[in-house]
Amino acid sequence: MTLKRCSKKQALTHRVSYNKIAAGRDNDRLCLLFHSAFPLAKIQNMLRVEHLTKVFPNGTVALKDVTFQVEDGEFLAVIGLSGSGKSTLLRCINRLIEPTSGKIIWNGTDVTALSQNEMRHVRRQIGFIFQQFNLVKRSSVITNVLTGRLGYVNTAQSLANLFSRADNQRALNNLERLGLREKAYVRADSLSGGQQQRVAIARALMQEPKMILADEPVASLDPVLSHTILKYLEQLNKEDGLTVLCSLHFLDLVHRYATRAIALKDGQVVFQGLPQEIDDAQFKAIYGQEAQRVSII
Ligand SMILES: Nc1ncnc2c1ncn2[C@@H]1O[C@H](COP(=O)(O)OP(=O)(O)OP(=O)(O)O)[C@@H](O)[C@H]1O
Ligand SMILES: [Mg+2]
(Lines give C-alpha, C1' and ligand atoms only; values in the text may rest on other atoms or scores of the structure.)
(Ligands and ions follow the chains in the order given, each with its own letter.)
Protein backbone atom coordinates (compact mmCIF):
# COMPACT_ATOMS: atom_id res chain seq x y z
CA MET A 1 0.00 0.00 0.00
CA THR A 2 1.65 3.23 -1.10
CA LEU A 3 1.22 6.37 0.96
CA LYS A 4 2.61 8.87 -1.46
CA ARG A 5 -0.67 9.15 -3.30
CA CYS A 6 -2.67 10.36 -0.28
CA SER A 7 -2.86 14.10 -0.74
CA LYS A 8 -2.38 16.59 2.04
CA LYS A 9 -5.98 17.71 1.49
CA GLN A 10 -7.24 14.18 2.13
CA ALA A 11 -5.14 14.00 5.26
CA LEU A 12 -6.61 17.23 6.54
CA THR A 13 -10.14 16.15 5.63
CA HIS A 14 -9.70 13.22 7.96
CA ARG A 15 -7.88 15.28 10.56
CA VAL A 16 -4.78 13.14 10.56
CA SER A 17 -1.28 14.48 10.59
CA TYR A 18 0.13 14.23 7.08
CA ASN A 19 3.54 13.33 8.47
CA LYS A 20 2.01 10.57 10.56
CA ILE A 21 0.34 9.10 7.52
CA ALA A 22 3.47 9.44 5.46
CA ALA A 23 5.28 7.52 8.18
CA GLY A 24 2.48 4.91 8.08
CA ARG A 25 1.78 5.00 11.80
CA ASP A 26 -1.98 5.39 11.78
CA ASN A 27 -3.35 2.24 10.27
CA ASP A 28 -7.06 2.86 10.84
CA ARG A 29 -6.96 6.31 9.31
CA LEU A 30 -4.72 5.02 6.61
CA CYS A 31 -7.47 2.63 5.53
CA LEU A 32 -9.86 5.55 5.23
CA LEU A 33 -7.42 7.62 3.27
CA PHE A 34 -6.46 4.73 1.09
CA HIS A 35 -10.13 4.10 0.42
CA SER A 36 -10.76 7.69 -0.63
CA ALA A 37 -7.67 7.65 -2.83
CA PHE A 38 -8.45 4.25 -4.35
CA PRO A 39 -12.19 3.56 -4.12
CA LEU A 40 -11.88 -0.01 -5.34
CA ALA A 41 -9.43 -0.97 -2.63
CA LYS A 42 -10.72 -3.30 0.08
CA ILE A 43 -10.92 -1.69 3.52
CA GLN A 44 -11.83 -3.11 6.90
CA ASN A 45 -15.43 -4.20 7.31
CA MET A 46 -16.44 -3.07 10.74
CA LEU A 47 -19.74 -4.91 10.55
CA ARG A 48 -21.02 -7.73 8.39
CA VAL A 49 -24.60 -8.91 8.49
CA GLU A 50 -25.02 -12.34 6.92
CA HIS A 51 -28.32 -14.00 6.05
CA LEU A 52 -30.08 -12.29 8.95
CA THR A 53 -33.69 -13.36 9.48
CA LYS A 54 -36.09 -12.26 12.18
CA VAL A 55 -39.42 -13.92 12.74
CA PHE A 56 -41.43 -12.45 15.64
CA PRO A 57 -43.35 -14.86 17.93
CA ASN A 58 -46.62 -13.87 16.20
CA GLY A 59 -45.20 -15.16 12.90
CA THR A 60 -44.35 -11.79 11.31
CA VAL A 61 -41.23 -12.16 9.18
CA ALA A 62 -39.59 -8.75 9.70
CA LEU A 63 -36.21 -9.56 8.09
CA LYS A 64 -35.51 -12.16 5.42
CA ASP A 65 -31.99 -13.27 4.57
CA VAL A 66 -30.49 -9.79 4.92
CA THR A 67 -26.82 -9.58 3.92
CA PHE A 68 -24.68 -6.42 3.73
CA GLN A 69 -21.57 -4.91 5.22
CA VAL A 70 -20.62 -1.63 6.80
CA GLU A 71 -17.14 -0.33 6.23
CA ASP A 72 -15.11 1.55 8.78
CA GLY A 73 -15.87 5.27 8.54
CA GLU A 74 -19.01 5.04 6.41
CA PHE A 75 -22.25 6.98 6.88
CA LEU A 76 -24.64 4.29 5.72
CA ALA A 77 -28.33 5.11 5.42
CA VAL A 78 -31.04 2.46 5.78
CA ILE A 79 -34.17 3.37 3.86
CA GLY A 80 -37.52 1.76 3.15
CA LEU A 81 -41.22 2.17 3.76
CA SER A 82 -42.77 2.01 7.19
CA GLY A 83 -42.78 -1.64 8.28
CA SER A 84 -39.95 -2.64 5.91
CA GLY A 85 -37.77 -3.76 8.85
CA LYS A 86 -35.38 -0.83 9.48
CA SER A 87 -35.81 -0.71 13.26
CA THR A 88 -35.74 -4.48 13.57
CA LEU A 89 -32.47 -4.55 11.64
CA LEU A 90 -30.79 -1.86 13.75
CA ARG A 91 -32.00 -3.46 16.98
CA CYS A 92 -30.82 -6.92 15.94
CA ILE A 93 -27.31 -5.54 15.40
CA ASN A 94 -26.75 -4.88 19.09
CA ARG A 95 -29.24 -7.56 20.09
CA LEU A 96 -31.90 -5.35 21.59
CA ILE A 97 -33.92 -7.82 19.51
CA GLU A 98 -32.67 -11.41 19.23
CA PRO A 99 -32.20 -12.49 15.61
CA THR A 100 -33.88 -15.76 14.57
CA SER A 101 -31.01 -16.86 12.32
CA GLY A 102 -27.98 -15.49 10.50
CA LYS A 103 -24.77 -13.89 11.68
CA ILE A 104 -23.76 -10.41 12.79
CA ILE A 105 -19.99 -10.11 12.60
CA TRP A 106 -18.67 -7.13 14.59
CA ASN A 107 -14.94 -6.59 14.09
CA GLY A 108 -14.47 -10.27 13.34
CA THR A 109 -16.71 -11.67 16.15
CA ASP A 110 -20.14 -13.18 15.61
CA VAL A 111 -22.17 -11.28 18.21
CA THR A 112 -25.17 -13.61 17.85
CA ALA A 113 -23.10 -16.26 19.65
CA LEU A 114 -22.06 -14.06 22.61
CA SER A 115 -23.40 -14.31 26.15
CA GLN A 116 -25.21 -11.26 27.57
CA ASN A 117 -22.10 -10.44 29.61
CA GLU A 118 -19.86 -10.56 26.54
CA MET A 119 -22.48 -8.54 24.69
CA ARG A 120 -22.08 -5.76 27.24
CA HIS A 121 -18.54 -5.16 25.97
CA VAL A 122 -19.73 -5.03 22.38
CA ARG A 123 -22.66 -2.74 23.24
CA ARG A 124 -20.45 -0.11 24.75
CA GLN A 125 -18.69 0.21 21.40
CA ILE A 126 -22.01 0.83 19.67
CA GLY A 127 -24.05 3.92 20.55
CA PHE A 128 -27.79 3.75 19.88
CA ILE A 129 -29.93 6.79 19.14
CA PHE A 130 -33.69 6.35 19.20
CA GLN A 131 -36.40 8.23 17.33
CA GLN A 132 -38.10 9.10 20.63
CA PHE A 133 -34.79 10.06 22.35
CA ASN A 134 -35.44 7.64 25.28
CA LEU A 135 -34.30 10.05 28.00
CA VAL A 136 -35.31 9.76 31.64
CA LYS A 137 -37.63 12.76 31.55
CA ARG A 138 -37.56 13.71 35.23
CA SER A 139 -33.78 13.44 35.54
CA SER A 140 -31.36 16.22 34.79
CA VAL A 141 -29.68 16.46 31.43
CA ILE A 142 -26.27 15.59 32.87
CA THR A 143 -27.65 12.52 34.69
CA ASN A 144 -29.07 11.32 31.39
CA VAL A 145 -25.73 11.87 29.68
CA LEU A 146 -23.86 10.06 32.45
CA THR A 147 -26.00 6.94 32.01
CA GLY A 148 -24.14 6.49 28.73
CA ARG A 149 -21.17 5.60 30.91
CA LEU A 150 -22.92 2.69 32.67
CA GLY A 151 -21.17 0.15 30.47
CA TYR A 152 -17.90 1.25 32.07
CA VAL A 153 -18.77 1.28 35.78
CA ASN A 154 -19.35 -1.76 38.00
CA THR A 155 -22.81 -2.75 39.25
CA ALA A 156 -22.29 -1.40 42.80
CA GLN A 157 -21.20 1.95 41.42
CA SER A 158 -24.08 2.09 39.00
CA LEU A 159 -26.63 1.23 41.72
CA ALA A 160 -25.20 4.00 43.86
CA ASN A 161 -25.17 6.28 40.83
CA LEU A 162 -21.57 7.19 41.48
CA PHE A 163 -19.69 8.56 38.58
CA SER A 164 -16.13 9.76 38.75
CA ARG A 165 -15.08 13.37 38.41
CA ALA A 166 -13.54 12.45 35.09
CA ASP A 167 -16.91 11.10 33.91
CA ASN A 168 -18.69 14.26 35.04
CA GLN A 169 -16.17 16.36 33.14
CA ARG A 170 -16.54 14.11 30.11
CA ALA A 171 -20.33 14.58 30.26
CA LEU A 172 -19.95 18.35 30.41
CA ASN A 173 -17.50 18.29 27.51
CA ASN A 174 -19.90 16.24 25.40
CA LEU A 175 -22.75 18.61 26.24
CA GLU A 176 -20.53 21.51 25.27
CA ARG A 177 -19.84 19.85 21.97
CA LEU A 178 -23.55 19.48 21.32
CA GLY A 179 -24.12 23.14 22.26
CA LEU A 180 -25.95 22.29 25.51
CA ARG A 181 -23.44 22.97 28.27
CA GLU A 182 -25.72 25.55 29.90
CA LYS A 183 -28.60 23.04 30.06
CA ALA A 184 -26.65 20.45 32.08
CA TYR A 185 -28.66 20.84 35.29
CA VAL A 186 -32.18 21.35 33.99
CA ARG A 187 -34.74 18.55 33.71
CA ALA A 188 -34.53 16.65 30.47
CA ASP A 189 -38.22 17.14 29.70
CA SER A 190 -37.86 20.91 29.84
CA LEU A 191 -35.88 20.80 26.58
CA SER A 192 -37.24 20.95 23.03
CA GLY A 193 -37.29 17.79 20.91
CA GLY A 194 -34.17 18.81 18.99
CA GLN A 195 -32.31 19.56 22.21
CA GLN A 196 -33.40 16.22 23.70
CA GLN A 197 -32.03 14.39 20.69
CA ARG A 198 -28.73 16.26 21.14
CA VAL A 199 -28.68 15.06 24.78
CA ALA A 200 -29.19 11.52 23.45
CA ILE A 201 -26.20 11.97 21.14
CA ALA A 202 -24.10 13.27 24.06
CA ARG A 203 -25.19 10.21 26.06
CA ALA A 204 -24.11 7.90 23.22
CA LEU A 205 -20.73 9.67 23.05
CA MET A 206 -20.12 8.82 26.71
CA GLN A 207 -19.66 5.23 25.57
CA GLU A 208 -16.75 6.33 23.37
CA PRO A 209 -18.37 4.25 20.64
CA LYS A 210 -16.84 3.12 17.38
CA MET A 211 -20.21 3.07 15.65
CA ILE A 212 -23.50 4.90 16.07
CA LEU A 213 -26.78 3.18 15.22
CA ALA A 214 -29.45 5.83 14.77
CA ASP A 215 -33.05 4.74 14.23
CA GLU A 216 -34.81 7.58 12.44
CA PRO A 217 -33.15 10.15 14.69
CA VAL A 218 -34.99 13.03 13.05
CA ALA A 219 -38.43 11.50 12.44
CA SER A 220 -39.93 13.07 15.59
CA LEU A 221 -38.57 16.52 14.82
CA ASP A 222 -39.63 19.52 12.85
CA PRO A 223 -38.02 19.11 9.38
CA VAL A 224 -35.90 22.25 9.85
CA LEU A 225 -34.35 20.67 12.93
CA SER A 226 -33.45 17.52 11.00
CA HIS A 227 -30.37 19.18 9.57
CA THR A 228 -29.13 20.33 12.96
CA ILE A 229 -29.15 16.77 14.26
CA LEU A 230 -27.77 15.20 11.10
CA LYS A 231 -24.99 17.78 10.93
CA TYR A 232 -23.85 16.70 14.38
CA LEU A 233 -23.84 13.06 13.25
CA GLU A 234 -21.96 14.09 10.11
CA GLN A 235 -19.40 15.92 12.23
CA LEU A 236 -18.84 12.84 14.40
CA ASN A 237 -18.51 10.75 11.26
CA LYS A 238 -16.08 13.03 9.48
CA GLU A 239 -14.08 14.47 12.34
CA ASP A 240 -13.99 11.59 14.81
CA GLY A 241 -14.15 8.83 12.20
CA LEU A 242 -17.24 7.29 13.84
CA THR A 243 -19.08 4.88 11.60
CA VAL A 244 -22.77 5.77 11.33
CA LEU A 245 -25.63 3.46 10.41
CA CYS A 246 -28.79 5.54 10.28
CA SER A 247 -32.33 4.89 9.10
CA LEU A 248 -33.95 7.86 7.38
CA HIS A 249 -37.30 8.54 5.77
CA PHE A 250 -36.48 11.39 3.42
CA LEU A 251 -34.32 10.66 0.39
CA ASP A 252 -33.15 14.28 0.33
CA LEU A 253 -31.47 13.69 3.67
CA VAL A 254 -29.91 10.46 2.40
CA HIS A 255 -28.45 12.35 -0.57
CA ARG A 256 -27.17 15.13 1.64
CA TYR A 257 -25.58 13.09 4.43
CA ALA A 258 -25.04 9.43 3.54
CA THR A 259 -22.00 8.02 1.79
CA ARG A 260 -23.93 4.85 0.87
CA ALA A 261 -27.45 3.47 1.27
CA ILE A 262 -29.22 0.16 1.59
CA ALA A 263 -32.95 -0.21 1.05
CA LEU A 264 -35.28 -2.72 2.65
CA LYS A 265 -38.62 -3.79 1.29
CA ASP A 266 -40.75 -6.31 3.18
CA GLY A 267 -37.67 -7.28 5.19
CA GLN A 268 -35.42 -7.90 2.18
CA VAL A 269 -32.53 -5.86 0.79
CA VAL A 270 -33.65 -4.47 -2.57
CA PHE A 271 -30.88 -1.90 -3.13
CA GLN A 272 -27.29 -1.33 -2.04
CA GLY A 273 -25.24 1.48 -3.52
CA LEU A 274 -24.51 5.17 -3.68
CA PRO A 275 -27.39 7.55 -2.87
CA GLN A 276 -27.10 9.14 -6.33
CA GLU A 277 -27.75 5.73 -7.92
CA ILE A 278 -31.34 5.82 -6.60
CA ASP A 279 -32.96 6.96 -9.83
CA ASP A 280 -36.71 7.01 -10.52
CA ALA A 281 -36.83 3.30 -11.34
CA GLN A 282 -34.95 2.39 -8.16
CA PHE A 283 -37.18 4.74 -6.18
CA LYS A 284 -40.34 2.99 -7.41
CA ALA A 285 -38.78 -0.42 -6.73
CA ILE A 286 -38.06 0.61 -3.14
CA TYR A 287 -41.16 2.64 -2.30
CA GLY A 288 -43.77 1.29 -4.74
CA GLN A 289 -45.27 2.56 -8.00
CA GLU A 290 -47.55 5.10 -6.30
CA ALA A 291 -44.79 6.76 -4.29
CA GLN A 292 -43.76 10.34 -4.98
CA ARG A 293 -40.58 12.08 -3.93
CA VAL A 294 -41.03 14.60 -1.13
CA SER A 295 -38.46 17.34 -0.65
CA ILE A 296 -37.50 18.81 2.71
CA ILE A 297 -34.35 20.64 1.63
N1 LIG B 1 -42.48 -6.89 18.54
C2 LIG B 1 -43.03 -7.17 17.37
N3 LIG B 1 -43.88 -8.20 17.25
C4 LIG B 1 -44.44 -8.51 16.08
N5 LIG B 1 -44.21 -7.85 14.93
C6 LIG B 1 -43.37 -6.81 14.98
C7 LIG B 1 -42.74 -6.41 16.20
N8 LIG B 1 -41.95 -5.34 15.94
C9 LIG B 1 -42.08 -5.07 14.62
N10 LIG B 1 -42.93 -5.96 14.04
C11 LIG B 1 -43.29 -6.03 12.63
O12 LIG B 1 -42.10 -6.23 11.89
C13 LIG B 1 -42.15 -5.50 10.66
C14 LIG B 1 -40.98 -4.55 10.60
O15 LIG B 1 -41.14 -3.56 11.60
P16 LIG B 1 -40.07 -2.41 11.86
O17 LIG B 1 -40.54 -1.69 13.06
O18 LIG B 1 -38.73 -3.02 11.86
O19 LIG B 1 -40.25 -1.51 10.53
P20 LIG B 1 -39.68 -0.07 10.22
O21 LIG B 1 -39.10 -0.14 8.84
O22 LIG B 1 -38.77 0.35 11.31
O23 LIG B 1 -40.97 0.84 10.19
P24 LIG B 1 -41.16 2.40 10.57
O25 LIG B 1 -40.60 3.18 9.40
O26 LIG B 1 -42.64 2.57 10.71
O27 LIG B 1 -40.42 2.65 11.84
C28 LIG B 1 -43.51 -4.80 10.64
O29 LIG B 1 -44.40 -5.61 9.93
C30 LIG B 1 -43.89 -4.74 12.11
O31 LIG B 1 -45.28 -4.71 12.26
MG1 LIG C 1 -38.78 1.96 12.65
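Here is what the cut-offs are and how they apply
Residues numbered from 1 in each chain as written. Chains lettered and ligands numbered in written order. Predicted model: local features only at pLDDT ≥ 70, side-chain atom pairs only at ≥ 80, totals over all residues. Helix = DSSP H or I, 4+ residues; strand = E, 2+ residues; numbered from the N terminus. Buried ≥ 20, exposed ≤ 12 C-beta atoms within 10 Å, placed from the backbone. Contact = placed C-beta atoms within 7 Å. Near = placed C-beta within 6 Å. Axes fitted to C-alpha atoms, helices over the stretch in contact; angles between N-to-C directions. Parallel < 35°, antiparallel > 145°, perpendicular 65-115°, else oblique. Left-handed = near helix turned anticlockwise from the far one by under 90°. Nonpolar A, V, L, I, M, F, W, Y, C, P; charged D, E, K, R; others polar.

**Student:** Explain the overall build of the protein to me, please; I cannot follow it from the model alone.
**Tutor:** When its secondary structure is counted, the protein shows twelve helices and ten strands. Here the protein, with 297 residues, has 37% of them falling under the buried criterion. Taking contacts inside the protein between residues at least 6 apart in sequence as the whole, the part at least 24 apart equals 66%.

**Student:** What exactly am I supposed to notice about the site of ligand 1 here?
**Tutor:** The local shell around ligand 1 consists of Phe56, Asn58, Thr60, Ala62, Gly80, Ser82, Gly83, Ser84, Gly85, Lys86, Ser87 and Thr88. At three residues, helix 4 (residues 86–93) tops the list of elements feeding residues into the shell around ligand 1.

**Student:** Before we go on, may I ask you to explain the packing of helix 9 (residues 193–205) against helix 10 (residues 223–239) in this structure?
**Tutor:** When two helices pack together, you describe them by how their axes are tilted relative to each other and by the distance separating the axes. At a minimum axis distance of 10 Å, the contact between helix 9 and helix 10 shows a crossing angle of 10°. Comparing the axis directions of helix 9 and helix 10 gives the class roughly parallel. When you trace helix 9 past helix 10, the crossing you get is right-handed. Where helix 9 abuts helix 10, its residues Gly194, Gln197, Arg198 and Ile201 lie against Leu225, Thr228, Ile229 and Tyr232. Here the contact of helix 9 with helix 10 is built from residues that sort into four nonpolar, three polar and one charged.

**Student:** Explain the environment of Ala214 here, please?
**Tutor:** With respect to the helices and strands, the residue Ala214 is situated in strand 7 (residues 211–215). Expressed as a C-alpha distance, the spacing of Ala214 and Cys246, which sit 32 residues apart in the sequence, is 4.5 Å. With residues near it in sequence (within four places) discarded, Ala214 still touches Ile129, Leu233, Val244 and Cys246.

**Student:** In this structure, what is going on with the environment of Ile201? I would like to understand it.
**Tutor:** Position of Ile201 among the secondary structure elements: in helix 9. The class of Ile201 is buried, set by 24 C-beta atoms lying within 10 Å. When neighbours within four sequence positions are excluded, Ile201 is seen to be in contact with Ile129, Leu178 and Tyr232.

**Student:** What is the right way to read unusual backbone geometry from this model?
**Tutor:** Across residues other than glycine, the phi torsion is negative in most instances, and most of the peptide bonds are trans. Of note, Arg95 is a non-glycine position whose phi angle comes to about 60°, a positive value. Note on placement: Arg95 falls in the loop between helix 4 and strand 4 (101–106). Positive phi outside glycine occurs at Asn134, with the angle close to 55°. Mapped onto the fold, Asn134 is located in the loop between strand 6 (126–129) and helix 6 (141–146).

**Student:** Mind showing me how you'd approach the environment of Ile126 here?
**Tutor:** One can find Ile126 in strand 6. As for Ile126 and Met211, which are separated by 85 residues in sequence, their C-alpha atoms are 4.9 Å apart. For Ile126, the residues in contact, after removing those within four places along its chain, are Asn94, Pro209, Met211 and Leu213.

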